[in-house]
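# Structural characterization, general
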Amino acid sequence: MLGTVTFIFCAFMTVLMFLLITGDMHAFRGTIVQKAAIFVTQSIPRIFGSLCAMVCPKKIVSCCGGCKDYCFFEKNPFVQLFYVFIAAGVSYGYLGHIRHVIPSQTIPTYHSVTYPLSIAISIVSWVIVCLADPGVIPPTPGPEQKKHYNYPHDFYMYPDQKICPVCHILRPPRSKHCRLCNRCVSKFDHHCAWLNNCVGAGNYRYFLLFLLSNTITCIYTVIMSYRSLRDIVVRDQYMKMVFRETTTGRYIPMSYSLLVRVLLNRYLGVVLAGIFTGVIFIVLVGFFAYHLYLTARNTTTNETFKLSDGEEEKEFAKRIALGKFPKNFDLSKISSSGKARLRQALAEPVMNIYDRGVLANFWEMLHPLHKRNLAQPVDFPAMKKRDEAVSRYQEEVRKMKAQTP
């Protein structure tokens, strides 16, 4: 029974973490993954709120609504506490069980140093990235604010002369206002609930260190859990044991299914640590690889969504320019700003102008531009490609207008 409950719990947490992490990714748009993520994060809270409104007094409903808003739409430490819970569980598995079987036939003595050191590095890297400045742009003009204006405008993702309506500053290219932290962040990537902090130019290198160290610790924990349990089974000769049923009095030889039940009963912490960190390892490997890819291209998670939306917007603008209107589409009802946006979508290329080559991109991640004393502006070779692409698109627009009856 305990093994079944453990399996169901681990499977549920695996699916939940997968949906929370990947549900907003562009690769899953329109798929069952996105629909399931929307159901979990939006539909379930809405249904729960409706049920509470039907059966509970207004004060309780208001209180529940406030709790929901705080949990899902405000900066809070709940996911951080969950990380602390996971780290405590892994530490308990080592201190309570694994360290007692070191050294053994499959676990050399040096693991008594390297494994707790791996756990400590993971926790320290998490603390560092939680406390590190993500690259907050000061709201008052001055030298510190001026350091963040190091990137050129691409005129599509980051239009010229855009004022932040909250901070009331001229927003630098590649920056974004985080509604949870209520501040503008340079080279904004995303707000990470595990850190309760934004990830931006200032702490991105620490964020990658956090992902790498925790990925290593997770697979290390899986290996140590498996080896320690196997050594315990061999040392105590579990497979030679015979159990006697209290009700019938008959003797039952050890089987693999019975062995699992015994290990879950006696070493539940080690089993759960191995299974759960194995699940987290799979997620972290994909997430770490994704962010290495973003670093190599000198782009961010935020910009990836912008570029993807821009491609769709450009295709829509091309169809409109050719007179291929969607069903029930009325061009006269489009505002002047909307029409200007469509014209801009035709004229401006949707491209990443900040890619300076893999080595330069990684160096920029390790040594952000706003931390340098730059005597001259940094050169972005892709800007020339952007200007060439603008000329090509303008020529295409002229040809399309000439072909339109």
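Our subject is the structure listed above.
Described below are features of the structure shown in this document. (Residues numbered from 1 in each chain as written. Predicted model: local features only at pLDDT ≥ 70, side-chain atom pairs only at ≥ 80, totals over all residues. Heavy atoms only, no water.)

### With respect to the packing of aromatic side chains
Rules: In this analysis, rings of Phe, Tyr and Trp, with Trp reduced to its six-membered ring, are considered paired at centre separations within 6.5 Å, and the interplanar angle assigns stacked below 30 degrees, edge-to-face beyond 60, and tilted for intermediate values. Strands are runs of DSSP state E lasting at least two residues, helices are runs of H or I lasting at least four, and both sets are numbered from the N terminus onward. Categorising residues by exposure relies on relative accessible area from a 1.4 Å probe, with only protein chains included: less than 20% of the type maximum marks a residue as buried, more than 50% marks it as exposed, and the intermediate range marks it as partly exposed. Lysine and arginine charges are scored as sitting over a ring when NZ or CZ, respectively, is within 6 Å of the ring centre and within 35 degrees of the ring normal.
Applying the stated criterion across every chain yields a total of 14 aromatic pairs. Between Tyr151 and Tyr354, the aromatic rings sit 5.7 Å apart at their centres with planes inclined by 85 degrees, giving edge-to-face as the arrangement. Linking Tyr151 in the loop between helix H6 (143-146) and strand E1 (176-178) with Tyr354 in the loop between helix H11 (336-347) and helix H12 (358-366), this pair joins segments that are 203 residues apart in sequence. Tyr151 sits in the buried class, given a relative accessible area of 8%. The ring of Phe380 has Arg356 lying over it, and the distance from NZ or CZ to the ring centre is 5.7 Å.

### Focus: the packing of helix H10 (residues 301-321) against H11
Any two packed helices are characterised by how steeply their axes cross, that is the angle between the axes, and by the distance between the axes. In plain terms, the rule: Angles shown run from 0 to 180 degrees and are taken between the N-to-C directions of axes, each axis being a line fitted to C-alpha atoms and, for helices, limited to the stretch in contact. For classification purposes, angles smaller than 35 degrees are called roughly parallel, those larger than 145 roughly antiparallel, those between 65 and 115 roughly perpendicular, and all remaining angles oblique. Throughout, a contact is declared for two residues whenever any of their heavy atoms are within 4.5 Å. We call Asp, Glu, Lys and Arg charged. Ala, Val, Leu, Ile, Met, Phe, Trp, Tyr, Cys and Pro are nonpolar, and the rest, Gly among them, are polar.
The contact between H10 and H11 brings their axes to 8 Å, and the two run at 105 degrees. Considering the angle they form, H10 stands roughly perpendicular to H11. Across from Glu313, Lys314, Phe316, Ala317, Lys318 and Ala321 in H10, the residues of H11 making contact are Arg341, Leu342, Ala345 and Leu346. For the contact of H10 with H11, the per-class residue count stands at six nonpolar, no polar and four charged.

### Side note on the pattern of salt bridges
Our working rule: Here, a salt bridge means any side-chain nitrogen of Lys or Arg that lies within 4 Å of a carboxyl oxygen of Asp or Glu.
Here the structure, examined in full by the defined rule, presents six salt bridges. Measuring nitrogen to oxygen at the nearest pair gives 3.3 Å for the salt bridge that ties Glu364 to Lys187. On the criterion of sequence distance, the pair formed by Glu364 in helix H12 and Lys187 in the loop between strand E2 (183-185) and strand E3 (190-192) is long-range, its members being 177 residues apart. Grouping residues by exposure puts Glu364 and Lys187 together as buried. A salt bridge links Asp236 to Arg235; the nearest nitrogen and oxygen atoms lie 3.1 Å apart. When salt bridges with common partners are traced through the structure, they connect Arg174, Lys187, Glu303, Arg356 and Glu364 into a single cluster.

### Digging into a positive patch on the surface
Counted only if it meets this: Within the patch definition used here, like charges are joined within 9 Å and nonpolar side chains (Val, Leu, Ile, Met, Phe, Trp, Tyr) within 5 Å, considering only residues with over 30% relative accessible area and no salt bridge. Methods summary: accessible areas were calculated by the Shrake-Rupley approach with a probe of 1.4 Å, and residue burial reflects only the protein chains presented. We score Asp and Glu as negative and Lys and Arg as positive, and we do not count His or the chain ends. Just so you know, the charge point we use is NZ for Lys, CZ for Arg, CG for Asp and CD for Glu.
Together, Lys162, Lys176, Arg179 and Lys306 line one region of the surface with positive charge. When you line up the elements, Arg179 lands in the loop between E1 and E2.

### Description of helix H5 (residues 111-131)
Short version of the rule: What a helix is expected to span follows from its residue count: subtract one and scale by 1.5 Å. Picture the helix axis, draw a direction to every C-beta atom, and the arc is the one those directions span.
For H5, built from 21 residues, the straight-helix expectation of 30 Å at 1.5 Å per residue is met to within 8% by its first-to-last C-alpha distance of 30 Å. Within the sequence span of H5, burial applies to His111, Tyr115, Ser118, Ile119, Ser122, Ser125, Trp126, Val129 and Cys130. Buried residues of H5, seen end-on, are gathered within an arc of 140 degrees and therefore sit on one face of the element. Exposed residues pointing more than 90 degrees away from the buried face of H5 are listed as Val113 and Leu131. Where H5 is buried, its residues contact helix H4 (78-96), strand E4 (197-199) and helix H7 (204-235).

### Examining the packing of helix H9 (residues 268-297) against H12
Contact geometry of H9 with H12 gives a least axis separation of 7 Å together with a crossing angle of 110 degrees. As summarised for this structure, H9 and H12 are arranged roughly perpendicular, according to the angle between their axes. Facing Leu292, Thr295, Ala296 and Arg297 of H9, the residues of H12 in contact are Val358, Asn361, Phe362 and Met365. Of the residues in the contact of H9 with H12, the class split is five nonpolar, two polar and one charged.

### Some points on the state of the cysteines
Note the cut-off: By disulfide we mean two sulfur atoms from cysteines, separated by a distance within 2.5 Å.
Throughout the structure, instances matching the rule amount to zero disulfides. Looking at the unpaired Cys192, the closest cysteine sulfur is the one in Cys130, lying at 7.9 Å.

### Examining the nonpolar core
Rule in force here: We call a set of buried Ala, Val, Leu, Ile, Met, Phe, Trp, Tyr and Cys residues a nonpolar core when their side-chain atoms join them within 4.5 Å.
By size, the foremost hydrophobic cluster in this structure holds 23 residues, and its most contacted members are Tyr115, Met224, Tyr238 and Tyr267. Mapped onto this core, the elements with two or more residues apiece are H4, H5, H7, helix H8 (256-266) and H9. Contact partners of Tyr238, with chain neighbours within four places excluded, come to Ile232, Val233, Met254, Leu259, Val262, Arg266 and Tyr267. In terms of nonpolar packing, the next biggest core, distinct from the first, is built from 22 residues, Ile86, Cys130, Ile280 and Leu294 among them.

### A closer look at the side chain of Ser118
Within the fold, Ser118 resides in helix H5. Taking the relative accessible area as the measure of exposure, Ser118 reaches 11% and is therefore buried. Once residues within four sequence positions are removed from consideration, Ser118 is found in contact with Ile216, Thr217 and Tyr220.

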